[in-house]
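Coordinate inspection notes
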Amino acid sequence: MTTAPQPSSSIHYPSRTLDRAERAMRSAPFRLKFFATMMHQSVALKELAGHTGTRNQYTRRSLSELMAEAELLWLIQVGLLRREVDGQGLTDSFRITPLGRLLVQKWQDNPAQFTRGFGDRFYNFLNRWFRLPI
């Protein structure tokens, strides 16, 4: 299996993993600011749901709490996010993984690449619906 070069990461991800992660991140209803914020702190679900998400400039549109959580759980399955853990267990906050951090750093240098196209959204939909491993 070939791996794509990672300039600042010691983890080497297969190119298929990177492609799937990029597609999922761009297809999500979240803005780049949301992912960039998670590079420095965790973000709670309540900061995304309803009009709070659009006010914080974290979401493209207002999302119900259920929809926001479903989107976050998909990004966890893809390997971009993880749930924050405290001394008593899981919380309602999320953090970015090293894979997500790698993509955010790439897009912060060139935000125009963060745009999502119909093809990306469609292919992400198929991956999500059928839970394809690629």
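Just above, that's the structure.
About the thresholds
- Residues numbered from 1 in each chain as written.
- Predicted model: local features only at pLDDT ≥ 70, side-chain atom pairs only at ≥ 80, totals over all residues.
- Heavy atoms only, no water.
- Helix = DSSP H or I, 4+ residues; strand = E, 2+ residues; numbered from the N terminus.
- Buried < 20%, exposed > 50% of the residue type's maximum accessible area, 1.4 Å probe, protein only.
- Patch = residues over 30% accessible without salt bridge, like charges linked within 9 Å, V, L, I, M, F, W, Y side chains within 5 Å.
- Areas by Shrake-Rupley, 256 points an atom, 1.4 Å probe, with all protein chains shown as cover.
- Salt bridge = Lys/Arg side-chain N within 4 Å of Asp/Glu carboxyl O.
- Axes fitted to C-alpha atoms, helices over the stretch in contact; angles between N-to-C directions.
- Parallel < 35°, antiparallel > 145°, perpendicular 65-115°, else oblique.
- Left-handed = near helix turned anticlockwise from the far one by under 90°.
- Contact = heavy atoms within 4.5 Å.
- Nonpolar A, V, L, I, M, F, W, Y, C, P; charged D, E, K, R; others polar.

**A few points about the environment of asparagine 127**
As for its position among the elements, asparagine 127 is in helix 6 (residues 118-130). Taking the relative accessible area as the measure of exposure, asparagine 127 reaches 1% and is therefore buried. Distance in space between the C-alpha atoms of asparagine 127 and arginine 20 is 8.5 Å, their sequence separation being 107 residues.

**Re a nonpolar patch on the surface**
A surface patch of nonpolar side chains, amounting to about 670 Å² of accessible area, comprises Phe118, Phe122, Phe125, Trp129 and Phe130. With a relative accessible area of 47%, phenylalanine 125 lands in the partly exposed category.

**Quick look at the packing of helix 1 (residues 15-27) against helix 5 (residues 98-109)**
Two elements in contact, helix 1 and helix 5, have axes whose closest approach is 11 Å; the angle formed by their N-to-C orientations is 70°. Taken together, helix 1 and helix 5 sit at an angle that is classed as roughly perpendicular. The two elements helix 1 and helix 5 meet at a crossing, and its hand is right-handed. Across the interface between the two elements, Thr17, Leu18, Ala21, Glu22, Met25 and Arg26 from helix 1 touch Leu99, Gly100, Leu102, Leu103, Val104, Lys106 and Trp107 from helix 5. Classifying every residue of the contact of helix 1 with helix 5 gives eight nonpolar, two polar and three charged.

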